[in-house]
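Structural description and commentary
In case you want the letters, here they are:
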Amino acid sequence: TALPSGLSINASSGLISGTPGGPAQVHTITFSRNDGDGNTAQRALKLNVRDCPLGSWNFDDPANPGGTIATAAGGSVTSVAGASGSALYFRGVASLTPYNQGIGNPVFSFEHNQPFSIVMWVKLTKQPTSAPASLIYPLVSKGGAAPAYSGYYFEIHSSAYNQPAVGYNRLAFQLTNQLTGRAGPMIWVYNTTPVSTLNVWYHVAATYNGNGLASGVKVYVGGGSANATHRDNLAGGSIVNTQPLRFGDYGQNYYNSVVMDQIQIYNKVVQQLRIIKAGSGSGTVATSLSMTSPERILCGNLCEAYFGNGTIVALGATANAGSTFAGWSGGGCSGTGTCLVTLTADTNITATFTTP
């Protein structure tokens, strides 16, 4: 039977090759074999097309953080407990440059007209305005200090940051062509929900659709994309540079005090899938065990995850003792069986549990 788009099969060897162009999902492929007497044998096999990030770092091996650590002025990068497994604690002026970035650092370069996304977990251990104070807590960037400002930056900005007065601890995403000072073409979007509670994990993301405008950017904090715009046009200005991808400081000597975990970078737009539980009962909602994305849903009252645009996600619900799962609503799902949702936009799905 037909293979997913972008794949082909060698009828003699059975070798499947190519790059799948469709969404991540499991395909059932039926293979037939005939002999000279007209007999036919068939077998149906599963072909799993994965929605893999361009890069993914879970920091679960304390002996191998996945890159080169650089520190200054007493800064440090240490392994600590994470949102899942282990994580890295960036304290002071410190950064991690991941391995395998390619010659000239092209692997994680994106042009102004290319979509890409960053998904991660982050936890503050002190406020940026507490001594020693810091205007910015850098998270993920591919850019640097002058004259190489051109690039992209995912950061937490403190209330002391004066362009603009965004309020306390706002998550900001910048794409900039500032090759000459700070006045070049730029997209600058921040989420109005503060990242301000200490020692609490925040699931955050930024995604860009490549349209060159702030309307193509979404910044998520804890399940919402309540965005505001400061700068709104790249004007076709290139954001490609030869700087490496960095976690933590990027040459500005900002004092950091955050824990980072489960960092993922996609060369595509991601969509948010959010699960809301309703009703008098209780239970859990989880993605299928065959789901191969680093993102997972296994939730209590409210949870969210981010998947590549077009991904087909399978959800199942299990009621706790004394409760009954009453069904799905939203995302085209209904009934009590498996919920299959194709993510082409941010989607909320409600799982209702009842009691007798």
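The paragraphs below set out a description of the structure included in this document. (Residues numbered from 1 in each chain as written. Predicted model: local features only at pLDDT ≥ 70, side-chain atom pairs only at ≥ 80, totals over all residues. Heavy atoms only, no water.)

**Thoughts on the pattern of salt bridges**
Applying the stated rule across the entire model yields one salt bridge. Residue D346 is joined to K218 by a salt bridge in which the shortest nitrogen-to-oxygen separation is 3.1 Å. Linking D346 in the loop between strand 24 (339-342) and strand 25 (347-354) with K218 in strand 14 (residues 217-221), this pair joins segments that are 128 residues apart in sequence. A relative accessible area of 27% places D346 in the partly exposed class. (Salt bridge = Lys/Arg side-chain N within 4 Å of Asp/Glu carboxyl O. Helix = DSSP H or I, 4+ residues; strand = E, 2+ residues; numbered from the N terminus. Buried < 20%, exposed > 50% of the residue type's maximum accessible area, 1.4 Å probe, protein only.)

**Considerations on the pairing of strand 17 (residues 256-266)**
When a strand is regular, its side chains alternate between the sheet's two faces. Taking burial as the measure, the 11 residues of strand 17 include 11 buried ones, the bulk of the element. Here strand 5 (residues 55-57) runs beside strand 17; their pairing, made up of three bridges, is antiparallel. What sits directly across from W57, in strand 17, is I263. One ladder, built from five bridges, connects strand 7 (residues 86-98) with strand 17; its direction is antiparallel. Pairing of R91 across the sheet is with S257, part of strand 17. By the bridge criterion, seven bridges tie strand 8 (residues 116-124) to strand 17 in an arrangement that is antiparallel. Paired with S117 across the strands is Y266, a residue of strand 17. (Pairing = 2+ DSSP bridges.)

**Quick word on the sheet that holds strand 19 (residues 283-287)**
Taken in spatial order, the four strands of this open sheet run 20-19-22-24, and their pairing is antiparallel. The two strands at the open ends of the sheet, each matched to only one other strand, are strand 20 (298-299) and strand 24. Across four bridges, strand 22 (residues 312-319) lies against strand 24 in antiparallel orientation. The residue of strand 24 that forms the bridge with L315 is C339.

**Notes on the pairing of strand 12 (residues 186-191)**
With six of its six residues buried, strand 12 lies for the most part within the structure. Side chains of strand 12 alternate between two faces, with M186, W188 and Y190 and I187, V189 and N191 buried alike. By the bridge criterion, five bridges tie strand 11 (residues 170-176) to strand 12 in an arrangement that is antiparallel. When the bridges of strand 12 are listed, Q174 appears paired with W188. Where strand 12 and strand 15 (residues 227-233) come together, six bridges link them in antiparallel fashion. Among the inter-strand pairings, V189 is bridged to a residue of strand 15, identified as T229.

None of this, on its own, says anything about what the molecule does.
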